[in-house]
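Geometric and topological summary
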Amino acid sequence: MSSLPPTVRSVTVPDFRAAKGARKLVVVTGYDYTAARILDAAGVDAILVGDSLGMVVQGHANSLPVTLGQMLYHTRCVVRGATRALVVADLPFLSYQASSEQSVRNAGKFLKAGAAAVKIEGGERMADRIAACVRADIPVMGHVGLTPQSVRKLGGFKVQRDADRIVADAQAVEAAGAFAIVIESVPPAIGEQVTKAVGIPTIGIGAGAACDGQVLVWHDLLGLYPDFRPKFAKAYAELGAQATTAIESYCRDVRDGTFPGPEHTFK
Ligand code: KIV
């Protein structure tokens, strides 16, 4: 299995769907223009404008406070930086739960903002919302296992272990017309079972290596929070510590008069 070379044409929804069994899919969350440019240049298949921004950008304890307007704002920023990767945007809490009509109207706003697809949390109970969006030609990525918008019902961000439920949810999402499914926080055997039970790509986060692809949160991947590292996340850099060191150096230079030097000063 090889990865899509970063220089090829834009990744489309059909390309993404067709990758199952052919190559592993790489997804990273991104919330702004700079991140989108970096992710695009690095060759990821898709950038997910996740409502995890409620935690990693806004500092909330969960994603429930995130609004539709905020998600649209971040989606527009990402779209401007991503010329190749598929941009998928999360529908935030209470922007699709009320009715299928609500889900179509709100999901459509993300396509108008430039996203290629939306992500909707929930399995069987959200299948009619997913089907309504797909009927309106809005591509949908599903999300089963731990669905963070259900945090109050679940009593916390807990590993989900009901294999029958999770497989049934994934199959309902596929039957509703989704082109891919995120599986979050399940034991690897369930990640594998779901991956074999559906014909669309599964994108795991804390769901084991058998999934058709993986997604990581930007801040976790780059080690921006040295004091918080979820078990499923691998930090490929320690940018949090590096940023602190860089800013400490700047503080020192300003205070001792070393910065700005002649090279940073207009003649
Ligand atoms: O909001 C998000 O970033 C997500 C990913 C963790 C899958 O849904």
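Basis of the calculations
- Residues numbered from 1 in each chain as written.
- Predicted model: local features only at pLDDT ≥ 70, side-chain atom pairs only at ≥ 80, totals over all residues.
- Heavy atoms only, no water.
- Helix = DSSP H or I, 4+ residues; strand = E, 2+ residues; numbered from the N terminus.
- Buried < 20%, exposed > 50% of the residue type's maximum accessible area, 1.4 Å probe, protein only.
- Contact = heavy atoms within 4.5 Å.
- Lys, Arg positive; Asp, Glu negative; His and termini not counted.
- Charge placed at Lys NZ, Arg CZ, Asp CG, Glu CD.
- Patch = residues over 30% accessible without salt bridge, like charges linked within 9 Å, V, L, I, M, F, W, Y side chains within 5 Å.
- Areas by Shrake-Rupley, 256 points an atom, 1.4 Å probe, with all protein chains shown as cover.
- Salt bridge = Lys/Arg side-chain N within 4 Å of Asp/Glu carboxyl O.
- Phe/Tyr/Trp six-rings, centres within 6.5 Å; stacked < 30°, edge-to-face > 60°.
- Core = buried A, V, L, I, M, F, W, Y, C linked by side-chain atoms within 4.5 Å.
- Near = heavy atom within 4 Å.
- Polar contact = N/O pair within 3.5 Å; in protein donor to acceptor, adjacent residues only side chain to side chain.
- Nonpolar A, V, L, I, M, F, W, Y, C, P; charged D, E, K, R; others polar.

1. Re the overall build of the chain
When helices and strands are counted, the chain shows 11 helices and 8 strands. For the chain, the spread of C-alpha atoms along the principal axes amounts to about 65 × 40 × 35 Å. Burial status across the chain gives 51% buried among its 267 residues. In the chain, 59% of the contacts between residues at least 6 apart in sequence involve partners at least 24 apart. Measuring between centres, the 28 positive side-chain charges of the chain sit 3 Å from its 25 negative side-chain charges.

2. Focus on a nonpolar patch on the surface
Together, Ile247, Tyr250, Val254 and Phe259 make up an exposed nonpolar region whose accessible area comes to about 380 Å². Position of isoleucine 247 relative to the elements: it lies in helix α11 (residues 239-256).

3. With respect to the packing of aromatic side chains
If you walk through the whole model with that rule in mind, you get 2 aromatic pairs. Judged by centre distance (5.8 Å) and plane angle (80°), the rings of phenylalanine 16 and phenylalanine 179 are edge-to-face. Linking phenylalanine 16 in helix α1 (residues 13-18) with phenylalanine 179 in the loop between α8 (163-175) and β6 (180-184), this pair joins segments that are 163 residues apart in sequence. Accessibility expressed as a relative area gives 4% for phenylalanine 179, which makes it buried. When the centroid spacing of 5.9 Å and the interplanar angle of 70° are considered together, the rings of tyrosine 250 and phenylalanine 259 count as edge-to-face. By relative accessible area, phenylalanine 259 is classed as partly exposed at 33%.

4. As for the nonpolar core
One finds Ile47, Phe110, Val118 and Ile120 to be the most contacted residues of the largest nonpolar core, which totals 58 residues. Counting residues per element, this core draws most heavily on α8, which supplies 6 residues. In this structure isoleucine 120 touches Leu91, Tyr96, Met126, Ile130, Cys133, Val140, Met141, Gly142 and His143, once residues within four positions along its chain are discounted. Ranked by size, the runner-up nonpolar core spans 18 residues in total, among them Phe16, Ala180, Ile203 and Ile205.

5. Section: the site of the ligand
The ligand sits among Thr29, Leu48, Gly50, Asp51, Ser52, Asp90, Lys119, His143, Val182 and Ile205. At a separation of 2.5 Å, an oxygen atom of the ligand approaches a polar side-chain atom of serine 52. Within the contact set of the ligand, an oxygen atom lies 3.0 Å away from a side-chain nitrogen or oxygen of aspartate 90. If the ligand stood free it would expose 260 Å²; the protein chains cover 95% of that surface. Considering only residue class, the shell around the ligand consists of 3 nonpolar, 4 polar and 3 charged.

6. Re unusual backbone geometry
Put simply, phenylalanine 259 and proline 260 share a cis peptide bond, and its omega is 0°. Structurally, proline 260 is set in the segment after α11. Backbone geometry places leucine 94, a non-glycine residue, at a positive phi of 75°. Looking at the secondary structure, you find leucine 94 in the loop between β3 (86-90) and α5 (100-112).

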